[in-house]
Amino acid sequence: MPIIGVVCGLVVLGMAGAVAYAQTTHNQIVVGIQIADVPVGGLSVDQAKEKLFGSIQRYQAQGATVTLDSISQTATLQQLGVRFDVAGTVDDAYKVGRSTKMDRLVLHVFQTSSTSVPLRVTIDQTMFQNSIREFSEMRNVSVIEPSLTITDGNVSVVPGQDGIAVSTDVTANDIRSAASALQAVQIAFQSAIEHPKLK
């Protein structure tokens with residue numbers, strides 16, 4: 001019985017300490033929380049916003065890699081219509097484990113691994129589609145169909161010309177998924193020869 005009493009006493013003291021700790025950190029994001037790969041646990045909302053904003057700026061500086069066949073170039077995320085919601089994301093992180101006092105208590109006492117909150121990212125569809133079209137037009141060449149010309153009773157054939165069709169299967173969702181995790185954005189285009197329908 002004495003041993004049980006000591007154990008119970010230690011548990012009660014531990015829980016009381018955890019409660020006190022949770023109360024003193026009520027204005028901070030719970031320890032162990034990260035946004036994408038940016039640790040924000042233990043920070044105030046303002047501190048987390050500042051830290052996340054800095055990480056996003058460094059991430060945006062990398063840009064997106066656009067590859068067409070073997071030729072690569074860098075595009076800005078702004079060109080692709082990518083927008084980051086720092087305030088909304090930090091608010092999401094702050095709410096983790098805060099639905100009840102017991103949730104906060106359990107997180108503070110028992111959490112042993114980090115919890116990742118996705119970064120809120122939106123994409124302007126018009127800007128995205130316009131950028132994709134502009135990139136594809138770097139190599140896109142329309143097919144020219146053969147034609148007949150008649151001049152003074154003489155018939156001549158104007159031969160057609162092959163074209164180059166450029167396509168990509170990258171979608172706005174692919175870009176959003178990469179950006180929300182602050183991962184490299186890569187867009188690969190493929191080109192193929194298109195032949196005239198008439199020969």
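Worth saying up front: this structure is predicted, and the values here are computed from it rather than measured. Note that residues are indexed from 1 along each chain, following the sequence as it is written. Per-residue local features are limited, in this predicted model, to residues with pLDDT of at least 70; the limit for side-chain atom pairs, both in listing and counting, is 80 or more; totals at the level of whole chains, interfaces and linings are taken over all residues. Computation of side-chain values: all heavy atoms of the structure, hydrogens and water removed.

Trainee: Help me out: how do you make sense of the packing of helix α2 (residues 45–62) against helix α3 (residues 86–95) in this one?
Mentor: For any two helices packed against each other, the geometry is given by the interaxial angle and the distance between the axes. Only C-alpha atoms enter the line fits that serve as axes; for helices the fit covers just the stretch in contact. Angles between N-to-C directions range over 0 to 180 degrees. Each helix corresponds to a stretch of at least 4 residues labelled H or I by DSSP, and each strand to a stretch of at least 2 residues labelled E; elements are numbered beginning at the N terminus. One way to put it is that α2 packs onto α3 with a least axis distance of 10 Å and a crossing angle of 130°. By the angle between their axes, α2 is oblique relative to α3. For α2 against α3, the interelement crossing comes out right-handed. Counting all contacts with α2, which are made through V45, A48, K49, L52, F53 and I56, the residues of α3 involved are V86, A87, T89, V90 and Y94. Residue composition of the contact of α2 with α3, grouped by class: 9 nonpolar, 1 polar and 1 charged. For classification purposes, an angle smaller than 35 degrees is called roughly parallel, one larger than 145 roughly antiparallel, one from 65 to 115 roughly perpendicular, and anything else oblique. In a left-handed crossing the near helix is turned counterclockwise from the far helix by less than a right angle, and in a right-handed crossing that turn is clockwise. In what follows, residue pairs with any heavy atoms lying within 4.5 Å of each other are defined as contacts. All amino acids are sorted into three groups, where Ala, Val, Leu, Ile, Met, Phe, Trp, Tyr, Cys and Pro are nonpolar, Asp, Glu, Lys and Arg are charged, and the leftover types, Gly among them, are polar.

Trainee: Is there a simple way to explain the pairing of strand β8 (residues 147–151) in this structure?
Mentor: Walk down a regular strand and you will see the side chains alternate between the two sheet faces. Each pair of strands is called paired provided DSSP finds at least two bridges between the two strands. Across 5 bridges, β8 lies against strand β9 (residues 154–158) in antiparallel orientation. In the strand pairing of β9, S147 is matched with V158. The turn linking β8 back onto β9 is made up of 2 residues, and D152 within it adopts a positive phi angle of 50°.

Trainee: Please explain the sheet that holds strand β2 (residues 38–39) as it appears in this structure.
Mentor: Strand pairing within a sheet occurs via backbone hydrogen bonds; the two strands may be parallel or antiparallel. If you walk across this open sheet you meet the 3 strands as β2-β1-β6, and the pairing is mixed. On the outer flanks of this sheet lie β2 and β6 (115–117), each paired with one strand and no other. Here α3 sits on the sheet in contact with β1 (33–35) and β6, set at roughly 160° to β1.

Trainee: How should I be thinking about a nonpolar patch on the surface in this particular structure?
Mentor: Like charges are joined within 9 Å and nonpolar side chains (Val, Leu, Ile, Met, Phe, Trp, Tyr) within 5 Å, but only among residues with over 30% relative accessible area and no salt bridge; these make up the patches. Only the protein chains shown count as cover for residues, and the accessible areas themselves come from Shrake-Rupley with a 1.4 Å probe. We count a salt bridge whenever a side-chain nitrogen from Lys or Arg sits within 4 Å of a carboxyl oxygen from Asp or Glu. On the surface, L148, I150, V155 and V157 cluster together into a nonpolar patch covering about 450 Å² of accessible area. Every element with two or more residues in the nonpolar patch is listed here: β8 and β9. Checked against the element boundaries, V155 lands in strand β9. Each residue is placed in one exposure class: buried if its accessible area under a 1.4 Å probe, protein chains only, is under 20% of its type's maximum, exposed if it is over 50%, and partly exposed if it falls in between. Overall, the relative accessible area of 55% leaves V155 in the exposed class.

Trainee: Before we go on, may I ask you to explain the environment of G32 in this structure?
Mentor: Checked against the element boundaries, G32 lands in the loop between α1 (2–24) and β1. Through-space distance from the C-alpha of G32 to that of T115 is 6.1 Å; in sequence the pair is 83 residues apart.

Trainee: Would you explain the packing of aromatic side chains in this entry?
Mentor: How two aromatic rings sit relative to each other is given by the distance of their centres and the angle of their planes. Any Phe, Tyr or Trp ring, taking Trp's six-membered ring, that has another such ring centre within 6.5 Å forms a pair; planes under 30 degrees apart are called stacked, those over 60 apart edge-to-face, and the others tilted. Under the definition given, this model contains 2 aromatic pairs. Between Y59 and F84 the ring centres are 6.1 Å apart and the planes differ by 85°, which places this aromatic pair in the edge-to-face class. Taken together, the residues Y59 in helix α2 and F84 in strand β5 (residues 82–84) connect sequence positions 25 residues apart. One exposure class covers both Y59 and F84, and it is buried. Geometrically, the ring pair formed by F135 and F189 is edge-to-face, given 6.3 Å between the ring centres and 65° between the ring planes. On the criterion of sequence distance, the pair formed by F135 in helix α5 (residues 125–136) and F189 in strand β11 (residues 185–194) is long-range, its members being 54 residues apart. Each of the two residues, F135 as well as F189, counts as buried.

Trainee: Sorry if this is basic, but what is going on with the pattern of salt bridges here?
Mentor: As a working rule, side chains carrying opposite charge can pair if their charged atoms are close by. Per the counting criterion, the structure on display carries 4 salt bridges. Across the pair R83 and D124 runs a salt bridge, and its minimum N-O distance is 3.3 Å. In this pair, R83 is assigned in strand β5 and D124 in the loop between β7 (121–123) and α5, connecting sequence segments 41 residues apart. In this structure, D85 engages R120 in a salt bridge whose closest nitrogen and oxygen atoms are separated by 3.6 Å. Remark: R120 occurs in the loop between β6 and β7 and D85 occurs in the loop between β5 and α3; sequence separation between them is 35 residues.

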